[in-house]
Amino acid sequence: MSLLEMKQVQAYYGGIHALKGIDLAVEEGEIVSLIGSNGAGKSTTLKAICGQVKTKGTISFAGKEIQAQPPHATALSGIAHVPEGRRIFPKLTVKENLEMGAFSVRDKKVIRERIERAFAHFPRLKERYHQQGGTMSGGEQQMLAIARAMMMKPRILLLDEPSMGLAPVMVDQIFEIIEELNREGTTILLVEQNAYQALQIASRGYVIQTGEIIMQDSARALLHSELVKEAYLA
Amino acid sequence: MLSSILSSLPQVLIDGLALGAIYAVVALGYTMVYGILELINFAHGEVFMTGAFVGTATLFIFDDAGFLSSAPGWIVYFLVILISMIITGLLGVLIERIAYRPLRRAPKLISLISAIGVSFVLQDLIRFIAELITGNYIVSGISLFRGTFELGTSSLSSTFNDSFVKNNTFIIIGVAILLMLALDLFVNRTKWGVAMRAVAQDRETASLMSINVNKVIVLTFFIGSALGGATGVLFAQQYGTIDPYIGYILGLKAFTAAVLGGIGNIRGAMFGGLAIGLLEMFASANLGLITHGNFGSEYKDVFAFAILILVLIFKPEGLFGRAVKEKV
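Predicted model, so just to flag it, every value in this text is computed and none were measured. (Residues numbered from 1 in each chain as written. Chains lettered and ligands numbered in written order. Predicted model: local features only at pLDDT ≥ 70, side-chain atom pairs only at ≥ 80, totals over all residues.)

**Student:** Even after reading the chapter, I still don't get the packing of helix α3 (residues 94-101) of chain A against helix α8 (residues 191-201) of chain B, so can you show me in this structure?
**Tutor:** Running from amino to carboxyl end, α3(A) crosses α8(B) at an angle of 100°, the nearest separation of the two axes being 10 Å. Taken together, α3(A) and α8(B) sit at an angle that is classed as roughly perpendicular. Contacts from A:Glu96, A:Glu99 and A:Met100 in α3(A) reach B:Lys191, B:Val194, B:Ala195 and B:Ala198 in α8(B). Split by residue class, the contact of α3(A) with α8(B) holds four nonpolar, no polar and three charged. (Axes fitted to C-alpha atoms, helices over the stretch in contact; angles between N-to-C directions. Helix = DSSP H or I, 4+ residues; strand = E, 2+ residues; numbered from the N terminus. Parallel < 35°, antiparallel > 145°, perpendicular 65-115°, else oblique. Contact = placed C-beta atoms within 7 Å. Nonpolar A, V, L, I, M, F, W, Y, C, P; charged D, E, K, R; others polar.)

**Student:** Help me understand the pairing of strand β8 (residues 187-192) of chain A in this model?
**Tutor:** A regular strand carries its side chains on alternate faces of the sheet. Residue and element names in this part refer to chain A. Among the six residues that make up β8, six are buried, leaving the element largely enclosed by the rest of the structure. With burial as the criterion, each face of β8 is covered, one bearing Thr187, Leu189 and Val191 and the other bearing Ile188, Leu190 and Glu192. As paired strands, strand β3 (residues 31-35) and β8 are joined by five bridges and run parallel to one another. Its bridge partner being in β8, Leu34 is matched across the sheet by Val191. Two strands pair when backbone bridges link them, and strand β7 (residues 156-160) and β8 are joined in this way by five bridges, in the parallel orientation. Paired with Leu157 across the two strands is Ile188, which belongs to β8. Considered for its hand, the β-α-β crossover made up of β7, helix α7 (residues 168-183) and β8 is right-handed. (Buried ≥ 20, exposed ≤ 12 C-beta atoms within 10 Å, placed from the backbone. Pairing = 2+ DSSP bridges. Right-handed = clockwise from strand over helix to strand, strands pointing away.)

**Student:** What should I look at first to understand the environment of B:Ala257 in this one?
**Tutor:** Residue and element names in this part refer to chain B. Note that Ala257 resides in helix α11 (residues 246-261). Owing to 34 C-beta atoms within 10 Å, Ala257 belongs among the buried residues under this scheme. The spatial distance from the C-alpha of Ala257 to the C-alpha of Leu151 is 29 Å, given a sequence separation of 106 residues. Setting aside residues no more than four positions away along its own chain, Ala257 makes contact with Tyr23, Ala24, Ala27, Ala269, Gly272, Gly273 and Ile276.

Purely geometric numbers; function is a separate question.
Okay, structure coming up:
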């Protein structure tokens, strides 16, 4: 049984038939990349998993159907989502942002430990601890968004375009961290326009086009496929 | 002229502070709900009015039960405020559930009209109940701390006269400060308070943090309305007589205070309330003097609304608000 499984998932988003029957599965411990061009339905796929858009079809997580759940319940069941554009809370401090990530955790000691762990991954956040999130650079905000999502100790981390708008050095750093989080046991579903880097760290990949999965294979095979090369790696 | 303005200044400051404290706490209710839902809860003035009636009714009940003669006044005062806060808090939650939640995805104007509808319903409902029970919708309540206190402000400087302050004025200022401090602590130091700010900044993302957004909205309405209700009790104690329409003008002025401070900004609302209260009291005391009797204190209301218009024209984001760029 896959950790996360989408079967024939359809979604309408702003009057557009954004997903036309998505079949996708993520196994425990994997990094799976979902690549495709702008407007292909990548973000909508993640939003569908989180319950942020209305869907048809079934989405199951750890053996439980979650498609009818409200977003906060889905988060509680262990799915963390780093949304497109980072969406940190700009007027909350770094500390408060992290605490919100651990909203479901009652034990203050556990929260403290997880903040320490976030500092280990992202030393910059320690320097910025009492600063408002909105005053940080794009790269720092992306780090905060990932750290915030990790505060709930999710079983799966959904990442929506984490490299968007970042300097190349920062992009490399973010991808390194994603691999590191995966080595520590977090399953990852990564949505990216930056197909080359996304496939390099992934074990498997899906290619989405106008709301449909048009290809799926091991990441290595996708990297060498003519179609992917032409359309997304050029 | 200047000397007589100066001589009444301590009195004006204290009374203005009390009035401003009332505006400030009511303004919090507007600003909190706006912060979260971008909805101007025009029924909030009526929640304040309901609080005044609930407090007055509670005192009548206590009196009938003989509780007033046996318990110390401050305990009674505390209980009345508490009961009124709980009932108005629940009323706020009910209003959200019935009048706003079904319209959450509708255009903002629709919710606004719904809010005005709730205002009228509450005015008439309270009027109906009051008339049913007392035979009149204008109700004179029981005052708990009736006395006046003579403040020797003339000893500070010979330009000042002594001030005469109702005991209740001190209570208003004290309770309002306590409520504002409590809210400030709640919003900045507690998990649910921070969650409230998170929801205000980005509702969608907050739900990804496993924050139940509806719960936060309900909590916001409860707290905002309870603050309004508590102020209603203070108001009823100060003026003795209440009617179902006291929430209208007062609500508008408190709303002005919220706009002045930057709507959505909690500390801004506190500042805005105090500023408008002080200005209004100053105008009420000195307008006749300054204009040589051409305009009397009945023109004091002009100031709050003149401020509203000026703020909306020149600094629509308010004194403490940040200009919001419309996202395309």
